[in-house]
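# Coordinate analysis (summary)
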Amino acid sequence: MMTLYRLAYVAALLLSAPYWLVRMLMQRKYALSLRQRLGAVPEHLRHTAKRGNIVWLHAVSVGETLAATRLVEELERALPGYTVVISTTTATGQALAKQRFGEDRVFYFPLDLRFAVRRYLEALRPRLMVLMESELWPCHLEECRRAGVPVVVANTRVSDRSFRRTQPVRKLWQWMTGSVGLLLAQSDEDARRLRALGARPDQVQTTGNLKYDIRVGTETPITTLLRTHLPQGLPLLVAGSTLAGEEEKLIACWKQVQGAVMILAVRHPERFDGVATLLDQSGLKWMRLSVWRQAPQPIAPGTVLLLDSIGELASVYSLARVAFVGGSLFGAGGHNPLEPAQWSVPVVQGMSYENFRGPVDALRAADAIELVTVDRLCAGISELLFDATHAEAMGRRARDVFDAQAGATARTVSAIVRMMERL
């Protein structure tokens, strides 16, 4: 089975090579990461590995990195003498991880090739591998098993789409996860689905969603600047993690809105320029926040501000009267509604939320979120944006849900420590 997988994986890499070559020529970030992905262990990581007792934690992108922040802190507190190193797959995740944890222990996750994975395992000699959510790669799992490295999958979830797609290859999934020590599920439903796919009962525990434990410790500089330059009482919409097609709908909606400001936070940095072009063509008054912050000035009603940076959205949500959470209008599965909820900000999002079913269902049960169709987007936003009493009441309920679900980090750390004590 591993032989077939390796052949298929290499074939896929070869077939996609022209695409990635073009991306590397167009965007320098892909070329910079390639050496690490092919197994070139960076020198700063080798130096960190000399401390010994390494825990290797893999967080794919920004969302997983945010969720891992407290987990890293609590693991190092619970395991004195251990050092957690963090890998990511995306450039945005890499930038945020370096900001959160320091450059000396952050690197790119290797391609799922035996020689690349082995080089990192040999350099790090980890005592534990922690994979965030559902990032399972057969070769990586196989090499961890061969090296005697126990594996934990933390904050794991099984979306509706993943559950359907995994059913036909259930045997492959069982084989992949057979040597995983723990599968720590976000919810009881996720745990049920893991067992239905073939996980052993002793592998699976429900520890909760780490994203309920995300706390923005300090206000970011851009949030402070905005707070001092936004007119008192001016309604603010923060539209976060938007995907293609959603910006057009929000811009069309904003042409109908008077007396408010919108901050538009695009999900992927490579789309910043494309969205800037849309705003240029819209006729709306708009500014890039990267430009505005160099010479801050009062912000007039009707303005759209493009948040063209990463790692600042979670803090910026604190300024909003209403938040729109993207990835939800056109079947992409949605993004995290808990980021605005922690600030007592009411959430509007589309009907696609399979990726965050647990949090959305909890918010729905408390009447703390507004789910809208594309046609109802503008009305749903406007109703909350210009009814402060309604928005504040819904926001308080959202915060109550957020607080009630806290504690996943402590449960996750406890489960990991118990497992390590048995080894």
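A few points on the structure. (Residues numbered from 1 in each chain as written. Predicted model: local features only at pLDDT ≥ 70, side-chain atom pairs only at ≥ 80, totals over all residues. Heavy atoms only, no water.)

### What about the overall build of the protein chain?
In terms of regular secondary structure, the protein chain is built from 20 helices and 14 strands. Relative to the compact-globule value of 22 Å for 423 residues, the protein chain shows a C-alpha radius of gyration of 22 Å, a close match. Its C-alpha atoms give the protein chain principal-axis dimensions of about 60 × 45 × 45 Å. For the protein chain, with 423 residues in total, the buried portion stands at 53%. (Helix = DSSP H or I, 4+ residues; strand = E, 2+ residues; numbered from the N terminus. Rg over C-alpha atoms; globule rule 2.2 N^0.38 Å. Buried < 20%, exposed > 50% of the residue type's maximum accessible area, 1.4 Å probe, protein only.)

### Describing the pairing of strand S4 (residues 128-132)
For S4, the tally of buried residues reaches five of five residues, placing the bulk of the element in the interior. The two faces of S4 match: Leu128, Val130 and Met132 on one face and Met129 and Leu131 on the other face are all buried. Relative to S4, strand S1 (residues 54-58) is paired through four bridges, and the arrangement is parallel. Paired with leucine 57 across the strands is valine 130, a residue of S4. Sheet analysis places S4 next to strand S5 (residues 151-156), joined by four bridges and oriented parallel. Bridged to methionine 129 within S5 is valine 151. Considered for its hand, the β-α-β crossover made up of S4, helix H7 (residues 138-147) and S5 is right-handed. (Pairing = 2+ DSSP bridges. Right-handed = clockwise from strand over helix to strand, strands pointing away.)

### Considerations on the sheet that holds strand S12 (residues 322-325)
Strand order in the open sheet made by the seven strands is S10-S11-S9-S8-S12-S13-S14, with parallel pairing throughout. In this open sheet, the two edge strands, each paired with only one partner strand, are strand S10 (286-288) and strand S14 (369-371). Averaged over all adjacent pairs, the angle separating strand axes in this sheet is 20°, with direction ignored. In the sheet, strand S8 (residues 236-242) pairs with S12 via four bridges, with the strands oriented parallel. In the sheet register, glycine 240 faces S12, and the bridge partner there is valine 325. (Axes fitted to C-alpha atoms, helices over the stretch in contact; angles between N-to-C directions.)

### A closer look at the state of the cysteines
One pass over the structure, following the stated rule, counts one disulfide. Across the disulfide from cysteine 253 sits cysteine 378; the S-S distance is 2.4 Å. With the S-S bond torsion at 80°, the cross-link from cysteine 253 to cysteine 378 turns out right-handed. With a gap of 125 residues between them, cysteine 253 in helix H12 (residues 246-254) and cysteine 378 in helix H18 (residues 377-385) connect regions that are remote in the sequence. You'll find cysteine 253 and cysteine 378 in the same group, each marked buried. For cysteine 139, which is in no disulfide, the shortest distance to another cysteine sulfur is to cysteine 144 and amounts to 9.6 Å. Take cysteine 139: its relative accessible area is 0%, and that puts it in the buried class. (Disulfide = S-S within 2.5 Å.)

### Details of the environment of glycine 52
Tracing the sequence through the fold places glycine 52 in the loop between helix H3 (43-49) and S1. When the C-alpha positions of glycine 52 and arginine 127 are compared, they lie 8.8 Å apart, and in sequence the two are 75 residues distant. Setting aside anything within four residues of it in sequence, one finds glycine 52 in contact with Gly81 and Thr83. (Contact = heavy atoms within 4.5 Å.)

### Considering helix H10 (residues 188-196)
Within the sequence span of H10, burial applies to Asp190, Ala191, Arg193 and Leu194. All buried residues of H10 project into a common sector of 165° when viewed along the axis, lining one side. Considering only its buried residues, H10 is in contact with S5, helix H8 (160-166), helix H9 (170-177), strand S6 (182-185) and strand S7 (204-206). Just beyond H10, the residue with positive phi is glycine 198, at close to 120°. (Arc of directions from axis to C-beta.)

### Focus on the pattern of salt bridges
Across all of its chains, the model carries 25 salt bridges by this definition. For arginine 271, the salt bridge is made with glutamate 247, and the minimal N-O distance between the two is 2.8 Å. Note that arginine 271 is positioned in the loop between strand S9 (261-266) and helix H13 (272-282) and glutamate 247 in helix H12, a separation of 24 residues in sequence. A relative accessible area of 0% means that glutamate 247 is categorised as buried. Between arginine 288 and aspartate 273 there is a salt bridge, and its shortest N-O distance comes to 2.7 Å. With arginine 288 in strand S10 and aspartate 273 in helix H13, this pair connects stretches of sequence that are 15 residues apart. Arginine 288 gets classed as partly exposed once you look at its relative accessible area, which sits at 22%. Look at the salt bridges and you will find they share partners, linking Asp160, Glu189, Arg192, Arg193 and Arg357 into a network. (Salt bridge = Lys/Arg side-chain N within 4 Å of Asp/Glu carboxyl O.)

### Some points on the packing of aromatic side chains
Counted according to the given criterion, the structure contains five aromatic pairs. On the basis of an interplanar angle of 40° and a centroid distance of 6.1 Å, the ring pair of tryptophan 56 and tyrosine 120 is categorised as tilted. In this pair, tryptophan 56 is assigned in strand S1 and tyrosine 120 in helix H6 (residues 114-124), connecting sequence segments 64 residues apart. Judged by relative accessible area, which is 0%, tryptophan 56 ranks as buried. Here tyrosine 212 and phenylalanine 402 contribute two aromatic rings whose centre-to-centre distance is 6.3 Å and whose plane-to-plane angle is 50°, an arrangement assigned as tilted. Linking tyrosine 212 in the loop between S7 and helix H11 (221-229) with phenylalanine 402 in helix H19 (residues 388-404), this pair joins segments that are 190 residues apart in sequence. The same class applies to tyrosine 212 as to phenylalanine 402, namely buried. (Phe/Tyr/Trp six-rings, centres within 6.5 Å; stacked < 30°, edge-to-face > 60°.)

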